[in-house]
Amino acid sequence: MAPKAAAKAAESCREQQKGHLHSANRQLATARAAVSEQRGDWTMVVLAGDEGFSAMCLTNDRLGLFSDAWVGSIGEPDDFTEPAPREVRATDFGAGTVADGTVSVAVGHAGSDVVGVTWASAEHGPVEATVSGGHFALWFPGDEFEDAVTDGVEAEVTYRDGTSGAVTLGLR
């Protein structure tokens, strides 16, 4: 996204999340945009703060940027520790519906050596996550993650040195 559009998307996400978790409003106000991107009609924003705080917003832009039709999350994990350099740790995982569209999502923290996360979608082929600011966001149209919430899915992680390895994305 262009910087101006990314800033608008981040601010729209911040406004949508305000008041959903009152204890998080101060962190939400100072959180930085780790991921702001658009894929087709969809916009994803991940705001990141201290102690593992994050807020995620995903909307179908045909309905209006972060109108009342969006999915998201906000909060911080208990006993947060920074991920190891080669670790990815999902904070959000599954499938959700926004108006007439279903989307599969895996979002979370990425260690300092992680530069890529790719999932082999049966419907779309390889889907690449955005990795930025210590976070990753993997998302695509469809419900492929709907039945994978319990066991997760296997993805490929690419590291700064060019090597890669398998990892299970899911909630722990």
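On a predicted model such as this, the values are computed, not experimentally measured, just so you know.

Participant: Explanation requested: the nonpolar core in the structure shown.
Facilitator: As a rule of thumb, nonpolar side chains are buried together in soluble globular proteins. Grouped together as the largest cluster of nonpolar side chains are 21 residues, with contacts concentrated most on Val88, Val117, Phe136, Leu138, Phe145 and Leu169. Take this core: its biggest share by element is four residues, from strand S11 (residues 153–159). Ignoring sequence-local partners within four residues, the contact set of Leu169 consists of Val88, Phe93, Ala106, Val117, Phe136, Leu138, Gly152, Val153 and Ala155.

Participant: Which parts of the structure should I look at to understand the pairing of strand S7 (residues 114–121)?
Facilitator: Remark: a regular strand shows side chains that alternate across the two faces of the sheet. Here S7 pairs with S11 via four bridges, running antiparallel. The partner of Val117 across the bridge, within S11, is Val157. Sheet topology note: the S7/strand S8 (residues 125–128) ladder contains four bridges and is antiparallel. Within the sheet, the bridge partner assigned to Trp119 lies in S8 and is Val127.

Participant: Any chance you could explain the environment of Ala29 here in plain terms?
Facilitator: Summarising the element assignment, Ala29 is placed in helix H2 (residues 25–30). When the C-alpha positions of Ala29 and Leu47 are compared, they lie 9.8 Å apart, and in sequence the two are 18 residues distant.

Participant: Is there a simple way to explain the packing of aromatic side chains in this structure?
Facilitator: Scanning all chains against the criterion turns up four aromatic pairs. Residues Trp119 and Phe145 carry aromatic rings whose centres are separated by 4.8 Å and whose planes lie at 75° to one another, so their mutual orientation is edge-to-face. In this pair, Trp119 sits in strand S7 while Phe145 sits in the loop between strand S10 (135–141) and S11, placing the two residues 26 residues apart along the sequence. Relative accessible area serves as the criterion here: at 9%, Trp119 is assigned to the buried category. Judged by its relative accessible area of 0%, Phe145 is buried. Ring geometry for Phe140 against Phe145: centres 5.2 Å apart, planes inclined by 85°, an arrangement best described as edge-to-face. Across this residue pair, the class does not change: Phe140 and Phe145 are buried. Grouped by ring-pair contacts, the aromatic residues Phe93, Trp119, Phe140 and Phe145 constitute a single cluster. If you follow Arg86 out to its NZ or CZ, it ends over the ring of Tyr159, 4.1 Å from the centre.

Rules and cut-offs
- Residues numbered from 1 in each chain as written.
- Predicted model: local features only at pLDDT ≥ 70, side-chain atom pairs only at ≥ 80, totals over all residues.
- Heavy atoms only, no water.
- Core = buried A, V, L, I, M, F, W, Y, C linked by side-chain atoms within 4.5 Å.
- Buried < 20%, exposed > 50% of the residue type's maximum accessible area, 1.4 Å probe, protein only.
- Helix = DSSP H or I, 4+ residues; strand = E, 2+ residues; numbered from the N terminus.
- Contact = heavy atoms within 4.5 Å.
- Pairing = 2+ DSSP bridges.
- Phe/Tyr/Trp six-rings, centres within 6.5 Å; stacked < 30°, edge-to-face > 60°.
- Lys NZ or Arg CZ within 6 Å of the ring centre and 35° of its normal.

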